[in-house]
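Fold and geometry: a report
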Amino acid sequence: MSQSEHKYSLTTRIFIGLVAGTLVGVLLQLLFDDSGDLRFTIFGYSFSTYNILVEGIFSTLGQIFIASLKMLVVPLVFVSLICGTSSLTEPSKLGRLGAKSIGLYIFTTAVAISLALSLALLIGPGDAVSISTDVTYTAKEAPSLSSVIVDMFPTNPINAMAQGNMLQIIIFAVLLGVAMAMCGDAGKRIANFFEDINTVIMKLVTIIMNLAPYGVFVLMAKLFSSIGWEMLEGLTVYFLLVLGVLFLHAILTYSAMLKAFTGLNPIILFRKMRDAAQFAFTTSSSSATLPVTMETARNKLGVGKSVSSFTLPLGSTINMDGTAIMQGVATVFIANVYGVDLALQDYLMVVLTATLASIGTAGVPGVGLIMLAMVLQQVNLPVEGIALIIGVDRLLDMTRTAVNITGDCTVACIIAKSENELDEAKFNDLNAGLEEEEVDLEHFDKNS
Ligand code: ASP
């Protein structure tokens, strides 16, 4: 169906799915408490309506939707990176792109964590909370810095792809792309082949995006039918503070950077990020959202292929500003709850480790909380403190993931502009990319 045949745009449809799913989930939670569940027996088997609906239908459909998104990530990153690097005419450009991306990603994360620490120190979350002694949290071991670096290099690229190890896939694809660029005609023939695969994969992305309103609906309904609101009461200050800093960072830091480096209007960026942010919010995974982030950057923001295919997979793996914000506020919260005074050098250590932890955090749900253990250990805070905030982390994870990918796209725009690879007319055109986003799922048009 073309855009005009739909009453609402895809963004609006996804938003409707999000709100409707949330409402249905909250309603189910209210209706189906233990006494409200409708149980019935067929052929001696006892069934619960709640289980059929939530654990059966919503959960299954939701998992299929997430699996379909994740299915695209490895082929998309691999193929688009090969296309991007093999098209680089000057070899020095790759080094430049790498240095700019990594530099900007680290810079934005350091700003994020500093903002989080400053506001948390000002507001003092956890001051009024006394610890309950029965909290336990067994920390999974956070990896050391050297193992994070060594692990970036694949010994077996097929294994890296099978395991979805993004950094290893990125390194292999970049090397392969560079070799192709150096191979003349043979390299060009293979590059053309990969270009075609890339076009087909991007079409698959749009097909799955068109199913998103339903996917988003079932995921939200499932989440909100089982979420524990009781936890929120004791943790309101922590929760609201993390949310507040996330919004501040997104609005202030990203706007200021975009304006300063490119002169572009940040409001347009935020408007165009809506689809991708809704995906990130629903899936809590930068990695699963990557296909949509790439589509947004290319078709709506006008970021050139060689920049988007390099900076975005890298960003979804190493750039986690939202995660660093949660870690900063959580560190101050846990220190306050346990009555530990941190010195200035401890805070500097938090900035350093949270920035590194953000590089080591995989773009999947909840990993930021595991990496928080590394930050807490570094400043001798009790890792069990994580148990205090785990109950409200899912909601914060959703929001910080949306911030993480907005940061990736902001940096992509800045780098594209500096490389003369930003199509500003496309960036400023509010309708750019909308046609490509809509696919006719009922009729196949040979030319589309
Ligand atoms: N869920 C986050 C992401 O994918 C990572 C985290 O903070 O847990 O970006």
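Residues numbered from 1 in each chain as written. Predicted model: local features only at pLDDT ≥ 70, side-chain atom pairs only at ≥ 80, totals over all residues. Heavy atoms only, no water.

1. Points about the overall build of the protein
Applicable threshold: For helices the rule is a DSSP run of H or I covering at least 4 residues; for strands it is a run of E covering at least 2, with both sets numbered from the N terminus onward. Three labels apply to residues, based on accessible area from a 1.4 Å probe with only protein chains included: buried if under 20% of the type maximum, exposed if over 50%, partly exposed otherwise in between. The criterion used for residue contact is that any of the two residues' heavy atoms lie within 4.5 Å. Residue exposure ignores everything except the shown protein chains as possible cover, and the areas themselves are Shrake-Rupley values with a 1.4 Å probe.
Broken down by element type, the protein carries 20 helices and two strands. Looking at the protein residue by residue over its 448 residues, the buried ones come to 53%. Residue pairs in contact within the protein that sit at least 24 positions apart in sequence constitute 84% of those at least 6 positions apart. Counting only carbon and sulfur atoms, one obtains 65% of the accessible surface of the protein, whose full area is about 20,100 Å².

2. Examining the packing of aromatic side chains
The relation between two aromatic rings is expressed through the spacing of the ring centres and the mutual angle of the planes. Convention followed: Stacked, edge-to-face and tilted labels apply to pairs of Phe, Tyr and Trp rings (six-membered ring for Trp) whose centres lie within 6.5 Å, assigned for plane angles under 30 degrees, over 60, and everything in between, in that order.
One pass over the structure, following the stated rule, counts six aromatic pairs. Relative to Phe-279, the ring of Phe-65 lies with its centre 6.1 Å away and its plane at 40°, an arrangement referred to as tilted. Of this pair, Phe-65 sits in helix H2 (residues 49-86) while Phe-279 sits in helix H12 (residues 274-283), and the two are 214 residues apart along the sequence. Aromatic pair Tyr-238 and Phe-333: ring centres 5.1 Å apart, planes at 40°, arrangement tilted. Within this pair, whereas Tyr-238 is found in helix H10 (residues 236-262), its partner Phe-333 is found in helix H15 (residues 321-337), the two being separated by 95 residues in sequence. Comparing Tyr-238 with Phe-333 shows no difference in burial state: the two are buried. Taken together, the aromatic side chains of Phe-78, Phe-172, Phe-193 and Phe-194 make up a single cluster linked through ring pairs.

3. A few points about the site of the ligand
To keep things clear, this is the line we draw: One heavy atom suffices: a residue is near a molecule or strand as soon as one of its heavy atoms comes within 4 Å of it. Polar contact criterion, stated in full: a pair of N or O atoms within 3.5 Å, where within protein one must be able to donate a hydrogen and the other to accept it, and residues adjacent in sequence count only if both atoms are side-chain atoms. For cavity detection a 1 Å grid was placed over the protein atoms alone, and a set of points counts as a cavity when a 1.4 Å probe fits there but cannot get out; an open set counts as a pocket when protein lies on both sides within 12 Å along at least five of seven lines, with lining residues being those that have an atom within 4 Å of a point. A cavity or pocket is said to hold a molecule if more than half of that molecule's atoms lie within 2 Å of its grid points. All residues other than Ala, Val, Leu, Ile, Met, Phe, Trp, Tyr, Cys, Pro, Asp, Glu, Lys and Arg, Gly among them, are scored as polar; the first ten of these are nonpolar and the last four charged.
What surrounds the ligand is a group of 16 residues, the closest being Ser-286, Thr-323, Gly-368, Asp-397 and Arg-400. One nitrogen or oxygen atom from the side chain of Arg-400 is found 2.6 Å from an oxygen atom belonging to the ligand. In this structure, an oxygen atom belonging to the ligand sits 2.8 Å away from a side-chain N or O atom of Asn-404. When isolated, the ligand has an accessible area of 270 Å², and the protein chains bury 100% of it. In this structure, the ligand is accommodated by the largest cavity. When residues of the shell around the ligand are traced back to their parent elements, those giving at least two are helix H17 (367-378) and helix H18 (386-418). Ranked by the residues each element gives to the shell around the ligand, the list is headed by H18, at four residues. When grouped by side-chain class, the residues that make up the shell around the ligand number five nonpolar, nine polar and two charged.

4. Quick word on a nonpolar patch on the surface
What counts, and what does not: By definition, no residue in a patch forms a salt bridge, and every one has over 30% relative accessible area; like charges are joined within 9 Å, nonpolar side chains (Val, Leu, Ile, Met, Phe, Trp, Tyr) within 5 Å. Take a side-chain nitrogen of Lys or Arg and a carboxyl oxygen of Asp or Glu: if they are within 4 Å of each other, that pair is a salt bridge.
A cluster of nonpolar residues, Ile-52, Ile-57, Leu-61 and Ile-64, forms a patch on the protein surface that exposes about 340 Å² of accessible area. For Ile-64, the location among the structural elements is in helix H2.

5. Details of the environment of Met-294
As for its placement among the helices and strands, Met-294 is situated in helix H13 (residues 286-300). Taking the relative accessible area as the measure of exposure, Met-294 reaches 0% and is therefore buried. As a C-alpha pair, Met-294 and Val-205 span 89 residues in sequence and 9.6 Å in three-dimensional space.

6. Concerning the layout of surface pockets
Rules: Grid points are joined across faces, edges and corners, and a volume is the space filled by probe spheres set on the points.
In this structure, the largest pocket occupies an estimated 750 Å³ of space. Along the wall of the largest pocket there are 27 residues; nearest its centre are Phe-270, Met-273, Arg-274, Asp-275 and Ala-277. Elements supplying a minimum of two residues to the lining of the largest pocket: helix H1 (10-31), H10, helix H11 (266-272), H12 and H18. Here the residues of the lining of the largest pocket are counted per class, giving 15 nonpolar, seven polar and five charged. In terms of lining residues, the second largest pocket is bounded by 26 residues, among which Gly-164, Asn-165, Met-166, Thr-317 and Ala-362 are the most central. At the level of elements, H2, helix H4 (145-150), helix H6 (166-181), H13, helix H14 (305-318), helix H16 (344-360) and H17 are the ones that each hand at least two residues to the lining of the second largest pocket. Top element by residues in the lining of the second largest pocket is H2. It accounts for three residues. In the lining of the second largest pocket, the residues fall into 13 nonpolar, eleven polar and two charged.

7. Quick word on the nonpolar core
For clarity, the threshold we go by: Nonpolar cores were defined as sets of buried Ala, Val, Leu, Ile, Met, Phe, Trp, Tyr and Cys residues, with membership established by side-chain atoms within 4.5 Å.
Tyr-238, Val-303 and Leu-372 are the most contacted members of the largest nonpolar core, which has 126 residues in total. With 17 residues, the single largest contributor to this core is H18. When near neighbours in sequence (up to four residues on either side) are disregarded, Tyr-238 contacts Pro-125, Met-326, Val-329, Ala-330, Phe-333, Ile-389, Val-392 and Leu-396. Counting residues in each nonpolar core, the second largest holds seven residues, with Leu-28, Phe-58, Val-218 and Ala-221 among its members.

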